[in-house]
Every structure is written in structure tokens, then in C-alpha cells.
Amino acid sequence: MTNLLAKKQSSMNNDLVAPEALGYSKLYLDALAGSPPASGFFLARSLPEVAGQLDRIPYDRELMAEILHDQNTTYQASSRTFANIDRLRDPRAVCVFAGQQAGLYGGPWLTLTKALAVVKAAQLYEEQLKRPVIPMFWIAGDDHDFDEANHTYILCREMDPCRLTYDGPPEKGLPIGEVRLADAEALDAVRALLEETLGETDFTDDLYRLIDRCYTPNDTMVTAFGKLMATLTAEYGLVLFSPVDDRVKRHAIPFFKTILSDREAIRESLTRTNQAIVDAGYHLQVEKSEDASHLFYNLDGRLPVHCQGDDCEVGEQAFTRHELLERIEKHPEKFSPDVMTRPVFQSYLFPVLSQKGGPAEVAYLAQMNPLFGHFGLPAPVHRARPTLTLMEQRFSKILRENDIAFEELTGDVEQIINRVLAKTFPNSLESDFLQLRTVIEKEFEKFSAAVLKFDPVMQRVAQQTHGKIDFTVKGFEKKVFSAHKRHSQDSRDRMYRMYHGLYTNRGLQERSLNFSYFLAKYGMSVVSFVYDRMDCEETRHQLICLSEFTP
């Protein structure tokens, strides 16, 4: 692979920030640049090559189309989505994927970035390959980390990050796709906090109606998420998929059995790759124990399977490998892949041409790439998803007027503030006031001495006058410094509002901030604006200025 992501000449007129300035891992940066040894850990060389390999794989397209049709009906998807599902039946059709867990209200807005990126990428690749390319989004319904998916962040009117949490956890660690939003009181509480935080704008009525339609006690975290995403991407035909479906799991029985039966060979393959990555000077994104089987069993909660030889454990229960293989045959719906085998599972189900991933995803995909060959599947072309920051006009103005580079926000914000304030208030002003008082005192004494030579009785008047002048100058000094303090606090507050808006929770905006913040301020059409301005193949961080947005 010559490059993880082909560079484009156009940058969609966005301001761009080099990825090296944002603290990404060396493995990710080298992969972006197509530099060895990182490039050697990714198997796919080109889109045409992978497409040709996929033509030789017998996918059950009718089954998957039927499942997708049913799921997207539940998500209330658009006619364009169903048209894309029907196109998947074409034996030449391939897919481009991104994915994310089913976070509350869509989770961090990078979720929407991924969704829009695969749509644009699918259109681009279809033009290049002259064959159908379907944009698909994997909803990680098998994930069981409720505490990671049950919250999101909104900027309050003071611009501080406000955490919104659905505080209705399941009794055990179920897959998110099985967690129903059944606690109506908790659902109402987080909905009320959303409204309290965002307030009322010209656009919030539409937003709140959308939230109320998607997030109901009858929905799971996945169906609520699916309905929200289907609405936001309705005009683009994005196809949503969750693996939490009995038909999917039954279709995957051979896949799950292979994971367990070939555990030792899979472990040896991963161990070799991990060692090669470490020897190349990179760190491992994912580390697993030696007895990990890269499979989960939903047995009183979703639990990892660990094996030593033919002796296996799931939580505190012991099984032989043969017993687990029998359980896979009888109850495949209770099994799911782990982080290392999930990308292969995706390619087992669908003809995956390309996978869009973020910095962490690309790093762990380097670790598990050899597993595709073990299952007789071609590795997809792994390409970096675009990373974006939406720049409100007031924040762009602060950066521009104070000569602040965006990447400076990754450091200590206090240093930025101190530098800006130093420009607005001379450090020498205190000594300048002292010099002024000294000059006034010296000149007044000279003048008083001349006056007192011809009229000594003016001594008392001279002293009183000097005291009044000194009092007045000190009062002026105090007012200047008080004004500076107020100005400094105002500037400090503005700087922190900018910091929270662009680098939310001390990280890139897209990693924390929920997109409803922008929907409330700019309306639903801001999604189309982001879609139009996004360059889906750009590896540098894109700064999209909302000053150019017209509702």
C-alpha cells in the first residue's frame, strides 16, 4: 500500500491543520503518510484490487438485504436508503463502512462525521470503479459498555461543557442493542436537561420533536440511535446496520465456531503482528491476554471467553471448548466478536471494499489485519476518516484577532490567555505610574519652594494641594487597574468560551460535543452544509467556518 489515504488537490476551501500537530500516535501518522514500516501492516493495496477479490466471495446478499430492509424500516429510513439496500443485491455491489457505538442522542458529533464521510466516499469510489458502492454504518449494538454510551456533552449558554446522562442502567452488562430505554423517569430527566441547556431558538422545536420521536421507553439504545441517524442522513441514503439480530447470528455460526476452534492459530498470528509493531517502535492500541478467545458469550451479561487448551471460562463458569461449540450451534444469538475479530465479522457479512476509521481505529486495524486471510477474506482498504471542527464566527474572530493557531489549543490554554493579555496591557504600566507620581512630586516641590520664598504662609495650602494631587493620581491608577482587571476577566471569559467550544473537554470538539448543539443554533440544514464542505479524503484536520453558513 503506497498510502493509507490518497491525497487530493482540493481542500474544499477549509482551513487545514496538520495531523502531526494534534498529538496522534506515530503509527497512525506513519500510516497516513504511507511510510514504512507502518504501511506494511495494512494488506490492501488498492480499491480495484479489493473489489476484484470480493467478486470471488459468495456473499448471501439476499439474506443481508432482507435484514437491512427490516432494520431500516424500524429506523424509519428514507426511500434513498431502501434503494441502496436493493442495490446491494447486485453481485458487483461493494460497501464502504464506518461505525460507532449507539451513544446517547448520537453521541459525540464525530459519529455524524463518519456517516457523512462514507456517503461521500461511496459516491467517489463508485465513480472510480464504475460499480455500485453502498455507504453503510455499523451500529455497534454488541458493545456492552453502558457507562460509555449513556451520556453525551452539550455546551451550556455559558459555554461550559454540560454532561447529559441517561441514568437507567440495565441490571447486568447486556449488549447495548438489548438495553431498552425503559426508565421513563430517567429518559424524561435527561430530555429536560437537554432543553434546559440548549434553551429555545428558532430551531429547537424541530430538534426536540426529533428527540421525542426517537428516544422513547419502547426503544432500545440502538433503535433510538438508528432513528436519529436515519433522519439526519435521510437525503443521502446511508444504510444502517446492527449485528444484534438473530438472523445475523445464525448466519455467523461458522464464523463464531472458527474463532473458537482456531483460537491458537489466531493468537499466534496476532502475537507475531503485535511483536512486529512493537519492534518497529510503535505502541499497541489493543492488548489482550494470552488466553483471550476474541469472542463474547452473553451469559448473564456479555462476558469474554477465555481458554487454555480445551478448558474455557466465561465469568465464573467453566466449559470445554466442545461444549461452547455446541452452544454456538444452538444459541448463536448469545455470541459476538471482540474488538479484534469484529472487523473480520463485518467482512464476513458484507463485501467490504473500504473501512473509514479514526486514529485509534486505524492503529488497532494494523494489529488485526492478518486475520482476514485466516478467514479467507480480503482485507478492505483502510482509510482515515475526516476529522473536523466547526468554527463559529465569534471563535474564528478570536483566533484571528489574537493570532492564535488552532493547534495551540492542544496545549495550556492559560499560556495562550497570558500571552494575549500581555499584548493588551503593558507590563511596565505599574512602574510608569510610580515614575509619574515621582515626577509630579519633584516638580511640585520645586514649584512650592519658589512660592514659599515670597509667601511662607502658603506652606499649609501647598501641603494640602500636594495631598489632593497625589490622591487624585493614585485614584486614577486604581481605576486604570480596575478597568484592566475587568477587561482581563472579560477577555479571559471569552477565551475560555472559545476553548470549550473548539476543544471541548480538553480534546477535539468532535470527540465530545453532541451535534444537537449545532442543530439548535443553526437548524437541520447545517448537516447539508457540513456534508458539502467536508472533504472525505482529506487527512489533515478540517476547520469548517460556520460564518459561511446560511440557514
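Caption draft 1: Focus on the overall build of the protein. Along the protein, the regular secondary structure elements total 23 helices and 15 strands. Considering only intrachain contacts with a sequence separation of at least 6, the fraction spanning at least 24 residues in the protein is 77%. For the protein, the exposed surface amounts to about 24500 Å²; the carbon and sulfur share of it is 50%. Computed over 63 positive and 78 negative side-chain charges, the separation of the two mean positions in the protein equals 6 Å.

Caption draft 2: Looking closely at the nonpolar core. In terms of nonpolar packing, the biggest core is built from 173 residues, with Tyr215, Phe241, Phe350, Leu353 and Phe515 touching the most fellow members. The biggest single contributor to this core is helix α5 (residues 110-129), with ten residues. Apart from residues lying up to four places away in sequence, Tyr215 is in contact with Gly103, Leu104, Tyr105, Gly106, Leu181, Leu187, Ala224, Phe225 and Leu228.

Caption draft 3: Broad picture of the state of the cysteines. Within the structure shown, the criterion is met by one disulfide. Here Cys307 engages in a disulfide with Cys312; their sulfurs sit 2.2 Å apart. Since a negative S-S torsion denotes a left-handed disulfide, the Cys307-Cys312 link at about 105° is right-handed. Side by side, Cys307 and Cys312 carry an identical accessibility label, which is buried.

Caption draft 4: The arrangement of the sheet that holds strand β7 (residues 292-298) in detail. Here five strands make up an open sheet; going across it, the order is β10-β9-β8-β7-β11 and the pairing antiparallel. The sheet is open, and its two borders are formed by β10 (317-320) and β11 (335-337), each paired with just one other strand. Neighbour to neighbour, the strand axes of the sheet diverge by 35° on average, direction disregarded. Across three bridges, β7 lies against β11 in antiparallel orientation. Across the sheet, the residue bridging to Phe296 is Ser336, located in β11. Taken strand by strand, helix α13 (residues 321-330) contacts β7, β8 (302-308), β9 (311-314), β10 and β11, and its axis lies near 90° from that of β10.

Caption draft 5: Broad picture of the pattern of salt bridges. Counting across every chain of the model gives 32 salt bridges. The salt bridge involving Lys26 is made with Asp30; its shortest N-O contact spans 3.0 Å. Here Lys26 pairs with Asp30, and both are found in helix α1 (residues 26-33), just four residues apart, close to one helical turn. Judged by its relative accessible area of 15%, Asp30 is buried. With its nearest N and O atoms 2.5 Å apart, the salt bridge here joins Glu548 to Arg533. On the criterion of sequence distance, the pair formed by Glu548 in the segment after β15 (541-545) and Arg533 in helix α23 (residues 526-533) is long-range, its members being 15 residues apart. Residue class for Glu548 comes out partly exposed when judged on its relative accessible area of 48%. Judged by its relative accessible area of 11%, Arg533 falls in the buried class.

Caption draft 6: Spotlight on a nonpolar patch on the surface. Where nonpolar side chains cluster on the molecular surface, the patch consists of Val457, Met458 and Val461 and spans about 250 Å² of accessible area. With respect to the helices and strands, the residue Val461 is situated in helix α20 (residues 459-502).

Caption draft 7: Here's a closer look at the packing of aromatic side chains. Under the counting rule described, the total for this entry stands at 25 aromatic pairs. For the ring pair Phe529 and Phe549, a centre distance of 5.4 Å and an interplane angle of 65° mean the geometry is edge-to-face. Taken as a pair, Phe529 in helix α23 and Phe549 in the segment after β15 lie far apart in primary sequence, 20 residues in all. An identical accessibility class is assigned to Phe529 and Phe549; each is buried. Against the face of Tyr531 rests Lys120, its NZ or CZ located 5.1 Å from the ring centre. Taking the ring centre of Phe296 as reference, the NZ or CZ of Arg302 above it sits at 3.9 Å.

Caption draft 8: Spotlight on helix α17 (residues 393-401). Taken residue by residue, α17 has Phe395, Ser396, Ile398 and Leu399 as its buried positions. The buried residues of α17 occupy an angular sector of 160° when the element is viewed end-on, so they sit on one face. More than 90 degrees from the buried face of α17, the exposed residues found are Gln393, Arg400 and Glu401. A positive backbone phi angle near 55° is found at Asp403, which sits one or two residues after α17.

Caption draft 9: Just helix α9 (residues 221-232), in detail. Relative to the 16 Å expected for twelve residues at 1.5 Å per residue, α9 spans 17 Å between its end C-alpha atoms, a close match to the ideal helical length. Across the twelve residues of α9, eleven count as buried, placing the element largely inside the fold.

Caption draft 10: Local environment of the side chain of Gln346. Following the sequence through the fold, Gln346 ends up in helix α14 (residues 342-349). We classify Gln346 as buried; its relative accessible area is 2%. There is a polar contact of 2.5 Å between the side chain of Gln346 and the side chain of Gln355. Excluding anything up to four places from it in sequence, Gln346 contacts Phe97, Trp138, Val352 and Gln355.

Caption draft 11: Structural view of the environment of Met534. For Met534, the location among the structural elements is in the loop between α23 and β15. Look at Met534 and you get buried, because its relative accessible area is 0%. Put simply, Met534 and Asn14 are 520 residues apart on the chain and 8.2 Å apart in space, counted from C-alpha to C-alpha.

Caption draft 12: Here's a closer look at the environment of Leu16. Take Leu16: it is sitting in strand β1 (residues 15-17). Considering only alpha carbons, one finds Leu16 and Leu388, 372 residues apart in sequence, at a separation of 9.4 Å.

Caption draft 13: Geometry of empty space enclosed by the protein. Per the counting criterion, the structure on display carries two cavities of 30 Å³ or more. Space inside the largest cavity adds up to approximately 100 Å³. Lining the largest cavity are 16 residues, with Tyr105, Gly106, Leu228, Leu232 and Phe515 positioned closest to its centre. Listed by contribution, the elements that provide at least two residues to the lining of the largest cavity are α5, α8 (204-214), α9 and α22 (516-522). For the lining of the largest cavity, the class distribution of residues is eleven nonpolar, five polar and no charged. Taken as a whole, the second largest cavity spans an internal volume of roughly 40 Å³. In this structure, the second largest cavity is lined by Tyr59, Asp60, Arg61, Met64, Leu88, Leu349, Phe350 and Pro351. Split into classes, the residues belonging to the lining of the second largest cavity amount to six nonpolar, no polar and two charged.

Reading the values: the criteria
- Residues numbered from 1 in each chain as written.
- Predicted model: local features only at pLDDT ≥ 70, side-chain atom pairs only at ≥ 80, totals over all residues.
- Heavy atoms only, no water.
- Helix = DSSP H or I, 4+ residues; strand = E, 2+ residues; numbered from the N terminus.
- Contact = heavy atoms within 4.5 Å.
- Areas by Shrake-Rupley, 256 points an atom, 1.4 Å probe, with all protein chains shown as cover.
- Lys, Arg positive; Asp, Glu negative; His and termini not counted.
- Charge placed at Lys NZ, Arg CZ, Asp CG, Glu CD.
- Core = buried A, V, L, I, M, F, W, Y, C linked by side-chain atoms within 4.5 Å.
- Buried < 20%, exposed > 50% of the residue type's maximum accessible area, 1.4 Å probe, protein only.
- Disulfide = S-S within 2.5 Å.
- Pairing = 2+ DSSP bridges.
- Axes fitted to C-alpha atoms, helices over the stretch in contact; angles between N-to-C directions.
- Salt bridge = Lys/Arg side-chain N within 4 Å of Asp/Glu carboxyl O.
- Patch = residues over 30% accessible without salt bridge, like charges linked within 9 Å, V, L, I, M, F, W, Y side chains within 5 Å.
- Phe/Tyr/Trp six-rings, centres within 6.5 Å; stacked < 30°, edge-to-face > 60°.
- Lys NZ or Arg CZ within 6 Å of the ring centre and 35° of its normal.
- Arc of directions from axis to C-beta.
- Expected span 1.5 Å × (residues − 1).
- Polar contact = N/O pair within 3.5 Å; in protein donor to acceptor, adjacent residues only side chain to side chain.
- 1 Å grid on protein atoms, 1.4 Å probe; cavity = no way out; pocket = protein on both sides within 12 Å on 5 of 7 lines; lining within 4 Å.
- Points joined across faces, edges and corners; volume = space filled by probe spheres on them.
- Nonpolar A, V, L, I, M, F, W, Y, C, P; charged D, E, K, R; others polar.

That is the geometry; function is a separate question.
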